[in-house]
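Chain and residue survey
Okay, here's what each chain looks like letter by letter:
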Amino acid sequence: MVIEYVKIIITAILGILVGFYIRKTIGERKIKNAEELAKKIIEDANRDAETHKKEVLLEAKEEIHRIRVENEKENRERRSEIQKLERRLLNREEAIDRKTETLEKKEESLNKKAKSLNEKEILIDGLYKKQVEELEKLSGLTSEEAKELLLNDIKKEIAHETAIIVKEMENKAKEEAEKKAKEIISCAIQKCAADHVAETTVTVVPLPNDEMKGRIIGREGRNIRTLETLTGIDLIIDDTPEAVVLSGFDPIRREIARIALEKLIVDGRIHPARIEEMVEKATIEVDSIIKEEGEQAAFETGIHGLHPELIKLLGRLKYRTSYGQNVLRHSIEVAHLSGVMAAELGADIRVAKRAGLLHDIGKAVDHEIEGPHVDIGVDLARRYKESKEVVHAIAAHHGDIEPQTVEAVLVQAADAISAARPGARRETLEAYIKRLEKLEEIADSFDGIEKSYAIQAGRELRIMVKPDDVNDDEIIHTAREIAKRIESELDYPGQIKVNVIRETRAIEYAK
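As a starting point, this report considers the structure included with it. Numbering of residues starts from 1 in every chain and runs along the sequence as written. This being a predicted model, a pLDDT of at least 70 is required before a residue's local features are given, and a value of 80 or more before pairs of side-chain atoms are given or counted; all residues contribute to the totals for chains, interfaces and linings. Side-chain measures were taken over the full set of non-hydrogen atoms in the model, leaving aside hydrogen atoms and water.

A few words on the sheet that holds strand 6 (residues 449–455). To summarise the sheet geometry, strands pair through backbone hydrogen bonds and adopt either a parallel or an antiparallel arrangement. In spatial order, the strands read 6-7-8; together these 3 strands make up an open sheet with mixed pairing. The open sheet has two free edges, formed respectively by strand 6 and strand 8 (497–501), since each of these has just one partner strand. Pairwise comparison of adjacent strand axes, ignoring direction, gives a mean angle of 15° for this sheet. Two strands are said to pair when DSSP picks up at least two bridges between them. In this text, helices come from DSSP runs of H or I with a minimum length of four residues, and strands from runs of E with a minimum of two, each type numbered from the N-terminal end. As judged from the 6 bridges shared by strand 6 and strand 7 (residues 460–465), these two strands associate in the antiparallel manner. Across the sheet, the residue bridging to Ser452 is Ile463, located in strand 7. Sitting on the sheet, helix 15 (residues 474–489) touches strand 6, strand 7 and strand 8, and the angle it makes with strand 8 is about 150°. Fitted lines through C-alpha atoms give the axes, limited to the stretch in contact for helices. The angle between two N-to-C directions lies from 0 to 180 degrees. Contacts are assigned to residue pairs that have any heavy atoms within 4.5 Å of one another.

Dropping the structure here:
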């Protein structure tokens, strides 16, 4: 048993050893083959790596070369720019150096001049003081007295030169006076002028007896209130015997009220219904009178083709006054005067007469429309298709615009002639006296005036000056200043001549 076990063990060992040997032999062969394969793979890998390395190195060298070329190019450009900047900086530094050097030289020169000027100023001050002292000794006057004397001489010289200039300008203006329109004072203020309002806004209606006043007033004032409401006119019933006063700014309404009241007085039946009826009849009657007066004015002046509304407006001027002058009669006068002058000068007679008749047409409605009567008249003439020449003459007749046609100048002149002729216009006695007193008061308020006189119904102010206080040159200034004061403080028709007189009298006695 033991031997069998030994045999089995030996056989097993031998089998193991044989198997180990065989396995070792086969393994060594495999290992050898594997090593050879690995070596071959390594060699192939080394070859590939070497090839790839060479390629990568080649690409890297090319990239490095490209980057180096670009860097060199960029560096060259930067160096060029830097060189340019350096040159500019050098040029600027050189220019600054030159300017600095120039400024230093100028400063040095100015310092020298300033020092020299200071020295000269000190020297001049000393010489001036010495001269002033010498002049004061020689003249016997102090410097203040000498200054005052010089100033007085300069003032006199300036006044003399100013007077000469003013006189030259006045002479020049007189030479050109024929080319310019005459300036006329506007009469548009007549509707609100306080000095003559009593004459132009009041109508007195006579009564048969004082009992009629009570009937006009009516029970609890019904009749008078109705009449005032329908006509727009105030009825003043006071202690005036056998008279009623109608007061209002609108002359046509006042005329309607007058006619209606007169009809009521004649009829005797005075109550609200009758008053309304009479006012309506009076309105129709006044409208008829207005139309007739307008047609008569056009017929009298020989003007045809006027618009019916313009004829009515002309008729309304019958109830309009300016400083007591009836505006319709004034317009007819201006038309005739304009036509006569146009005929003498060879101008258009038709245009001159037409513009003359219509020049104050704006006054027919200036109680109803705001604005000066010239502007209102221009608007009316344009509205009713008057010619451009007529419209221009109306616009220029008060000098608001420069006349551009001969007819416009003629209308302007005719308007002044009609308004300024003696007796054409009137004022209340109180206003007239006030104006004369105011003229003399204005003249006497100036220095050197000896006496003043308002003559020729206030159209001339004659002033005597003291010859010792006012010289020939100063009277021109005095006349101009007085005229300006009159223009600014007084309202008056036409123009006022300011005549300043200076005379020297030599008196000697024979013994």
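Text resumes after the structure shown.
Let us look at helix 10 (residues 349–358). With 7 of 10 residues buried, helix 10 is to be regarded as a mostly interior element. Relative accessibility decides the category of a residue: with a 1.4 Å probe and only protein chains considered, values under 20% of the type maximum give buried, values over 50% give exposed, and everything between is partly exposed. For helix 10, the set of buried residues is Val351, Ala352, Arg354, Ala355, Gly356, Leu357 and Leu358. N-capping of helix 10 is provided by Asp348, with a side-chain oxygen placed 3.1 Å from the backbone N of Arg350. Throughout this description, a polar contact denotes any pair of N or O atoms lying within 3.5 Å of each other; where both atoms belong to protein, one of them has to be capable of donating a hydrogen while the other can accept it, and for residues adjacent in sequence the pair is counted only when both atoms sit in side chains.

On to a nonpolar patch on the surface. Nonpolar side chains collect at one region of the surface, where Ile9, Ile10, Ile13, Leu14 and Leu17 lie side by side and expose about 460 Å² of accessible area between them. Judged by its relative accessible area of 42%, Ile13 falls in the partly exposed class. Surface patches are drawn from residues lacking salt bridges whose relative accessible area is over 30%; two like charges belong together within 9 Å, two nonpolar side chains (Val, Leu, Ile, Met, Phe, Trp, Tyr) within 5 Å. For every accessible area listed, the method is Shrake-Rupley and the probe measures 1.4 Å; residues are considered covered only by the protein chains on display. Take a side-chain nitrogen of Lys or Arg and a carboxyl oxygen of Asp or Glu: if they are within 4 Å of each other, that pair is a salt bridge.

Direction vectors running N to C along helix 5 (residues 222–231) and helix 7 (residues 272–301) enclose 25°, while the axes themselves pass 9 Å from each other. Judged on the interaxial angle alone, helix 7 and helix 5 are roughly parallel. In the packing of helix 5 onto helix 7, the handedness of the crossing is right-handed. In contact with Asn223, Thr226, Leu227, Leu230 and Thr231 of helix 5, helix 7 contributes Pro272, Ile275, Glu276 and Val279. Grouping the constituent residues of the contact of helix 5 with helix 7 by class yields 5 nonpolar, 3 polar and 1 charged. Angles are sorted into four bins: roughly parallel if under 35 degrees, roughly antiparallel if over 145, roughly perpendicular if 65 to 115, and oblique for all others. The crossing is said to be left-handed when, going from far helix to near helix, the turn is anticlockwise and less than a right angle, and right-handed when the turn is clockwise. Polar here means any residue outside two lists: the nonpolar Ala, Val, Leu, Ile, Met, Phe, Trp, Tyr, Cys and Pro, and the charged Asp, Glu, Lys and Arg; Gly therefore counts as polar.

Take helix 11 (residues 373–383) next. Spacing of three or four residues puts side chains on the same side of an α-helix, whose turn is 3.6 residues. Listed as buried for helix 11 are His373, Val374, Ile376, Gly377, Val378, Leu380 and Ala381. Positive backbone phi, approximately 65°, marks Lys385, located one or two places after helix 11.

Another aspect to go through is the environment of Asp379. Mapped onto the fold, Asp379 is located in helix 11. For Asp379 and Val391, which are 12 residues apart along the polypeptide, the C-alpha to C-alpha distance reads 8.5 Å.

Quick look at unusual backbone geometry now. What you tend to see is this: most non-glycine residues have negative phi, and most peptide bonds are trans. A positive phi angle, close to 55°, is found at Glu220, a residue other than glycine. Checked against the element boundaries, Glu220 lands in the loop between helix 4 (211–217) and helix 5. One non-glycine residue, Lys385, lies in positive phi territory at about 65°.

Following the criterion strictly, the structure yields 19 salt bridges and no others. As a salt-bridge pair, Arg258 and Glu255 come within 2.5 Å of each other at their nearest N and O atoms. Of this pair, Arg258 and Glu255 both sit in helix 6 (residues 251–267), separated by 3 residues, roughly a single helical turn. Taking relative accessible area as the criterion, Glu255 reaches 15% and is therefore assigned buried. In this structure, Glu309 and Lys312 form a salt bridge, with 3.8 Å as the shortest nitrogen-oxygen distance. Remark: Lys312 and Glu309 occur in helix 8 (residues 308–316); sequence separation between them is 3 residues, near one turn of the helix. Among the residues examined, Glu309 registers a relative accessible area of 32% and is labelled partly exposed. The structure contains a network of salt bridges with shared partners spanning Glu63, Arg66 and Glu70.

Any link to function would need more than the numbers given here.
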